[in-house]
Amino acid sequence: MRLLLGLLMLGLAGCQTAPPKSGPTKAETISALTTMTQGLTNQPITEAQLKNLTIQVASDPQAQSALRSINTALSPQHTVKYCPEDGERFSADMIWCPDHKVKLEWVE
């Protein structure tokens, strides 16, 4: 009976897939590529080299994810939040602590 009730509730509620995450913007890609390349080579990058790297990254989801992480890590904006109840840290995209149901605060 519980199984039937569960299936009925699932059918009525429906399923929904999460919207796909959008890729990094062109400005984010250029900024991260420039920072990463200049940091690794200790030399300035030319516009032609930057354009070539941007084209290569556009077709590589792993590279896009890496660039987003690099941009976030090097961004002057806040990147980490914490729970005021116990100090546990969470990513910047979270709003509420899943354990204490309180609003997360930015790490200064």
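Residues numbered from 1 in each chain as written. Predicted model: local features only at pLDDT ≥ 70, side-chain atom pairs only at ≥ 80, totals over all residues. Heavy atoms only, no water.

## A look at unusual backbone geometry
Note the following rule: Remark: exposure states derive from per-residue accessible area (1.4 Å probe, protein chains only) relative to the maximum for the residue type, with buried under 20%, exposed over 50%, and partly exposed in between.
Phi at K101 takes a positive value of approximately 55 degrees, unusual for a residue other than glycine. Judged by relative accessible area, which is 62%, K101 ranks as exposed.

## Let's talk about the sheet that holds strand 3 (residues 105-106)
Cut-off, in case you're wondering: We call two strands paired when DSSP finds no fewer than two bridges between them. Secondary structure elements are defined from DSSP: runs of H or I of at least 4 residues count as helices, runs of E of at least 2 residues count as strands, and each element is numbered from the N terminus.
Across the sheet, which stays open at both edges, the three strands sit in the order 2-1-3 with antiparallel pairing between neighbours. Two strands in the sheet have a free side with no partner beyond their single neighbour: strand 2 (89-91) and strand 3. Where strand 1 (residues 80-82) and strand 3 come together, two bridges link them in antiparallel fashion. Following the sheet pairing, K81 is matched in strand 3 by W106.

## A word on the nonpolar core
For the record, the criterion: Here the nonpolar core consists of buried residues drawn from Ala, Val, Leu, Ile, Met, Phe, Trp, Tyr and Cys, with membership extended through side-chain atoms lying within 4.5 Å.
Grouped together as the largest cluster of nonpolar side chains are seven residues: A32, L33, I45, L50, V57, A63 and L67. When residues of this core are traced back to their parent elements, those giving at least two are helix 2 (26-41), helix 3 (47-58) and helix 4 (61-74).

## Some details on the confidence of the model for the protein
What counts, and what does not: The predictor attaches a confidence to each residue, and that confidence, scored 0 to 100, is pLDDT. Contacts are assigned to residue pairs with any non-hydrogen atoms lying within 4.5 Å of each other.
Overall, the prediction assigns the protein a mean pLDDT of 74, with 70% of residues at 70 or greater. Per-residue pLDDT stays below 50 along residues 3-8; that stretch engages in zero contacts with residues further than four places along the chain or on separate chains. Counted against residues more than four places away or in other chains, residues 10-14, with its pLDDT under 50, gives one contact.

## A look at the environment of E28
Position of E28 among the secondary structure elements: in helix 2. Look at E28 and you get partly exposed, because its relative accessible area is 35%. Once the C-alpha coordinates of E28 and Q64 are considered, the two residues, 36 residues apart in sequence, prove to be 9.7 Å apart.

## Some details on helix 3
So the rule is basically this: A helix is expected to span 1.5 Å for every residue after the first. Arc definition: it is the arc formed by the directions from the helix axis to the C-beta atoms.
Over its 12 residues, helix 3 runs 16 Å from end to end, which matches the ideal 16 Å to within 8%, given 1.5 Å per residue. Within the sequence span of helix 3, burial applies to L50, T54 and V57. Along the long axis of helix 3, the arc covered by the buried residues comes to 70 degrees, so they all point the same way. More than 90 degrees from the buried face of helix 3, the exposed residues found are A48, K51 and I55.

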